[in-house]
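Topology and contacts: notes
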Amino acid sequence: MTIRNNRSVGTKHEDLAADYLTREGVRILARNFHYHRCAEVDIIGMDGPYLVFFEVKYRSSGFSGTASEAVGLKKQYSISRTADFYLARYGLSPDTPVRFDVIAMDSFSLKWIKNAFDYIPH
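To keep things clear, this report deals only with the structure shown in the data block. Not measured: the values here are computed from a predicted model. (Residues numbered from 1 in each chain as written. Predicted model: local features only at pLDDT ≥ 70, side-chain atom pairs only at ≥ 80, totals over all residues. Heavy atoms only, no water.)

Here we come to the pattern of salt bridges. The final tally for this structure, using the stated rule, is seven salt bridges. In this structure, Lys 114 engages Asp 47 in a salt bridge whose closest nitrogen and oxygen atoms are separated by 3.8 Å. Within this pair, whereas Lys 114 is found in the segment after strand S5 (110–113), its partner Asp 47 is found in strand S2 (residues 39–47), the two being separated by 67 residues in sequence. Relative accessible area serves as the criterion here: at 14%, Asp 47 is assigned to the buried category. A salt bridge links Arg 99 to Asp 101; its shortest N-O distance comes to 2.9 Å. Each member of the pair, Arg 99 together with Asp 101, is buried. When salt bridges with common partners are traced through the structure, they connect Asp 47, Arg 99, Asp 101 and Lys 114 into a single cluster. (Salt bridge = Lys/Arg side-chain N within 4 Å of Asp/Glu carboxyl O. Helix = DSSP H or I, 4+ residues; strand = E, 2+ residues; numbered from the N terminus. Buried < 20%, exposed > 50% of the residue type's maximum accessible area, 1.4 Å probe, protein only.)

Laid out in structure tokens, this is it:
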């Protein structure tokens, strides 16, 4: 029996997503950007004028829902706080155009969901 290492599986799919986004013209600025110990954004990049915070979700089967359904309110809130921290850390204006996207992957496809969710204020 093979035990699957979730972190290595996640890293593999984040690498695939970053490669895809680069081919699509996104300039990758950061990967696995942390705010506090449990808040993280998988990929941060520039897509035209937008600073985009990407969440990469992979599902090997549909048993626990689809990848695109896997970014719940708690995760959206966490990503929003990390976006606040990123803007402040790099001295970016609160008026910077920001977008929250999801890269949803399963065994057969990759789907880029732009504007997957709205910023959640604190």
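Picking up after the structure, the text goes on.
Note that soluble globular proteins tend to have their nonpolar side chains buried in a common cluster. Residues Ile 44, Leu 51, Phe 53, Ile 79, Tyr 86 and Phe 100 are the most contacted members of the largest nonpolar core, which totals 16 residues. Elements that contribute at least two residues to this core include exactly strand S1 (27–35), S2, strand S3 (50–59), helix H2 (73–89) and strand S4 (98–106). Examining the composition of this core, we find that four residues originate from one element, H2, more than from any other. Discounting residues that sit within four places of it in the chain, Leu 51 has contacts with Leu 29, Ile 44, Gly 45, Met 46, Tyr 86, Leu 87, Leu 92, Thr 96, Pro 97, Val 98 and Arg 99. Judged by nonpolar contacts, the second largest core, of 11 residues, contains Ala 17, Val 26, Ile 43 and Trp 112. (Core = buried A, V, L, I, M, F, W, Y, C linked by side-chain atoms within 4.5 Å. Contact = heavy atoms within 4.5 Å.)

Of all nine residues that make up S4, seven are buried, and the element is covered over most of its length. In this sheet, S4 lies alongside S3 in parallel orientation, the contact comprising nine bridges. Across the sheet, residue Val 52 finds its bridge partner in S4, namely Arg 99. Sheet topology note: the S4/S5 ladder contains four bridges and is antiparallel. Pairing of Met 105 across the sheet is with Leu 110, part of S5. If you look at the hairpin formed by S4 and S5, you'll find three residues sitting between the two strands. (Pairing = 2+ DSSP bridges.)

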